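Coordinate analysis (summary)
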Amino acid sequence: MGFPSAGKSTLLSVITSAKPKIAGYHFTTLVPNLGMVRLDDGRDFAVADLPGLVAGASKGVGLGFQFLRHVERTRVILHLVDMSGVEGRDPYADYQAINQELTQYDPDILKRPQIIVATKMDLPDSQANLTKFKDELAAHKSDDQIVHDVLPISSVTHSGLQELVRKTADLLAEAQPEETVVPQDHPKTYEFDGTHEPDFKITFDKEIESWVISGDKIEKLFKMTDTAHDQSMLRFARQMRGMGIDDALRKAGAKDGDTVTILDYSFTYVE
């Protein structure tokens, strides 16, 4: 993960056989690109080049929730930070901005193993920027975040790539499957109560051209949600996903842009 143009697609293209679209402008990647990394020792793992994150993503800005939902599926995070400064950006400020969005979406995401990947180290100012970045990182160290290393790389010269894939494979071997599930305070699957009625039901109302979610449990959760408060809505979105509503909508035929209604509230479905 990283800001747009941090070098994610280029990295994927050189450590896997994937051929992502690469260009010198923001938001080249609109959907995740996947590839397989295979090490000489026989280990392998899947890597996803996720769409670039921007400030405000936890409130739906840019690709917003689409990006953050994909991050939830990862076991180890490679946080790419452009050290070149060619666009006048501050590497540490970019790093902090993305972590802030992750925290606002789900604080537990930062508890997952994370490697900071210092990219574009072949460019003139990168080494000086990296030194400054490490100083700032040490000065603001957080006990809530698991950062295993800061690894400098260049996808152009291939410098540092072998160490990066080896370190990633090591962390994946240590990571527990529980790190990939929905946070513990949210239900993981929907269940049936004593009346054998499901927690939710999905129908399509042709009159209002909307998918309608109903059921005592989901309606009760919604009534407890402050729709005017971002964090409350984010929590409700995670609760729906944990109950299996996202999967159920997809299986029912919901498409990107469809309207979904719960009681008197409607929102747009995003795949």
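The paragraphs below set out a description of the structure included in this document. (Residues numbered from 1 in each chain as written. Predicted model: local features only at pLDDT ≥ 70, side-chain atom pairs only at ≥ 80, totals over all residues. Heavy atoms only, no water.)

**Structural notes on helix α1 (residues 8-15)**
Here α1 has its buried residues at K8, S9, L11, L12 and I15. One side of α1 holds all its buried residues, which, seen down the axis, span an arc of 160°. Along its buried surface, α1 packs onto β1 (33-38), β2 (44-49), β3 (77-82) and α5 (161-174). (Buried < 20%, exposed > 50% of the residue type's maximum accessible area, 1.4 Å probe, protein only. Helix = DSSP H or I, 4+ residues; strand = E, 2+ residues; numbered from the N terminus. Arc of directions from axis to C-beta. Contact = heavy atoms within 4.5 Å.)

**Considering the sheet that holds strand β4 (residues 114-119)**
Taken together, the 3 strands give an open sheet; going across it, the order is β3-β4-β5, and neighbouring strands pair in parallel fashion. Two strands bound the open sheet, and with one partner strand each, they are β3 and β5 (147-152). For this sheet, the mean inter-axis angle between neighbouring strands, taken without regard to orientation, is 20°. Two strands pair when backbone bridges link them, and β3 and β4 are joined in this way by 6 bridges, in the parallel orientation. Directly across from H79, in β4, lies its bridge partner I116. Helix α3 (residues 91-105) contacts β3, β4 and β5 of the sheet and is inclined by roughly 145° relative to β3. (Pairing = 2+ DSSP bridges. Axes fitted to C-alpha atoms, helices over the stretch in contact; angles between N-to-C directions.)

**Let's talk about the nonpolar core**
Within the largest apolar cluster, 21 residues are counted, with the highest numbers of intra-cluster contacts made by L11, V37, F45, L78, I115, V117 and L164. Elements represented by at least two residues in this core include exactly α1, β2, β3, β4 and α5. Considering each element in turn, this core owes the most residues, 6 residues, to α5. Residue contacts for I115: discarding those within four places in its chain leaves I77, L78, H79, D149, L151, L164, K167, T168 and L171. Among the nonpolar cores identified, the runner-up in size contains 15 residues, and F200, F236, I245 and V260 belong to it. (Core = buried A, V, L, I, M, F, W, Y, C linked by side-chain atoms within 4.5 Å.)

**Quick word on the packing of α3 against helix α4 (residues 126-139)**
Here α3 crosses α4 at 45°, and the two axes come no closer than 9 Å. Relative to α4, the element α3 lies oblique. The segment α3 lies against α4, with P91, Y92 and Y95 engaging N129, F133, E136 and L137. For the contact of α3 with α4, the residue count by class is 5 nonpolar, 1 polar and 1 charged. (Parallel < 35°, antiparallel > 145°, perpendicular 65-115°, else oblique. Nonpolar A, V, L, I, M, F, W, Y, C, P; charged D, E, K, R; others polar.)

**Re the packing of aromatic side chains**
One pass over the structure, following the stated rule, counts 6 aromatic pairs. A centroid spacing of 5.5 Å and a plane angle of 75° characterise the contact between Y95 and F133, whose relative ring orientation is edge-to-face. Residue Y95 is found in helix α3, and its partner F133 is found in helix α4; the two are separated by 38 residues along the sequence. Across this residue pair, the class does not change: Y95 and F133 are buried. Between F204 and W211, the ring centres sit 5.0 Å apart and the planes meet at 70°, which makes this aromatic pair edge-to-face. Judged by its relative accessible area of 41%, F204 is partly exposed. Residue classification places W211 among the buried positions, given a relative accessible area of 10%. Members of the aromatic cluster, connected to one another through ring pairs, are Y92, Y95 and F133. (Phe/Tyr/Trp six-rings, centres within 6.5 Å; stacked < 30°, edge-to-face > 60°.)

**Examining the pattern of salt bridges**
Tallying each qualifying case throughout the model produces 7 salt bridges. Put simply, D170 and R43 hold a salt bridge, and the shortest N to O gap is 2.7 Å. Here D170, found in helix α5, pairs with R43, found in the loop between β1 and β2; they are 127 residues apart in sequence, far enough to count as distant. Among the residues examined, D170 registers a relative accessible area of 23% and is labelled partly exposed. Between R250 and D247 there is a salt bridge, with its nearest N and O atoms 2.7 Å apart. Remark: D247 and R250 occur in helix α8 (residues 245-252); sequence separation between them is 3 residues, near one turn of the helix. D247 gets classed as partly exposed once you look at its relative accessible area, which sits at 41%. One network of salt bridges, with partners in common, ties together D41, R43, R166 and D170. (Salt bridge = Lys/Arg side-chain N within 4 Å of Asp/Glu carboxyl O.)

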